[in-house]
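Reading the structure
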Amino acid sequence: RHVESNDAPAPSGSYSQGVVAGGFLFLSGQGPFDPDGALVDSSFEAEVRQVFANLAAVASEAGKTLADAVPVGVYLHDLATFDALAAIYLETVPEPRPARTTIETPLPGFGIEVDAIIHLGE
C-alpha cells in the first residue's frame, strides 16, 4: 500500500513517498523541499533538517518514527558537507541508529537527499 503525507512534498515524478511491503515501509528519497515543493533557500544545515522532517512526516503516516529506521541512504552533492550532516544526524536520528550509507553524487541544485526503510513490526 502507498503511504503519503501532506507534511512532505508531493512526489515530483512517478513514484510514491512511501510503500509498505513485507513488514517494512520503504521511504523514497527526500530532498530539501518544503511541503509545498519549494526548495529551502538557506543553509546546507537547513536542507538537512528539511530532508529529515520530510522522512519523519511520511513515517508518521504509518505510525512510525525515524527510530524505526533500519538502513538510511544519504546522498551528498559534496562530501565536504559530511561533518555538518553528521552533527544534525546525531540530533535527529535516535539511538540505536540505523545502518547508513553515505555517497557523493551530482544532485541537481541541492546538497542532500536521503531515503530510508522503516521496520513496521515489534
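Here is a short report on the structure shown in this document. Keep in mind that this is a model prediction, so the values were computed, not measured.

**Quick word on the sheet that holds strand β1 (residues 2-3)**
- If you trace the 6 strands from one edge of the open sheet to the other, you get β1-β2-β3-β6-β4-β5, paired in mixed fashion. The open sheet has two edge strands with one neighbour each: β1 and β5 (99-104).
- The pairing of β1 with strand β2 (residues 18-21) spans 2 bridges and is antiparallel. Of the residues in β2, the one forming a bridge with valine 3 is glycine 18.
- Together, β1, β2, β3 (24-30), β4 (69-76) and β6 (112-119) form the strand contacts of helix α1 (residues 44-61), whose direction differs from that of β3 by roughly 150 degrees.

**Digging into the nonpolar core**
- Membership of the largest hydrophobic core comes to 27 residues, with the highest contact counts inside it found for Leu27, Phe52, Leu85, Ile112 and Val114.
- Those elements that place two or more of their residues in this core are β3, α1, β4, α2 (82-92) and β6.
- Ranked by the residues each element gives to this core, the list is headed by α1, at 8 residues.

**Overview of the environment of serine 42**
- Considering the arrangement of structural elements, one finds serine 42 in the loop between β3 and α1.
- For serine 42, a relative accessible area of 52% corresponds to the exposed category.
- The spatial distance from the C-alpha of serine 42 to the C-alpha of proline 9 is 18 Å, given a sequence separation of 33 residues.

**Some points on α1**
- When the terminal C-alpha atoms of α1 are compared, their 26 Å separation across 18 residues agrees well with the 26 Å that a helix rising 1.5 Å per residue should span.
- Residues of α1 that are buried include every one of Phe44, Glu47, Val48, Gln50, Val51, Phe52, Asn54, Leu55, Ala57, Val58 and Ala59, and no others.
- Residues of α1 that are buried sit in contact with β1, β2, β3, β4, α2 and β6.
- Directly after α1, the chain includes glycine 63, whose backbone phi takes a positive value near 75 degrees.

The rules behind the values
- Residues numbered from 1 in each chain as written.
- Predicted model: local features only at pLDDT ≥ 70, side-chain atom pairs only at ≥ 80, totals over all residues.
- Heavy atoms only, no water.
- Pairing = 2+ DSSP bridges.
- Helix = DSSP H or I, 4+ residues; strand = E, 2+ residues; numbered from the N terminus.
- Contact = heavy atoms within 4.5 Å.
- Axes fitted to C-alpha atoms, helices over the stretch in contact; angles between N-to-C directions.
- Core = buried A, V, L, I, M, F, W, Y, C linked by side-chain atoms within 4.5 Å.
- Buried < 20%, exposed > 50% of the residue type's maximum accessible area, 1.4 Å probe, protein only.
- Expected span 1.5 Å × (residues − 1).

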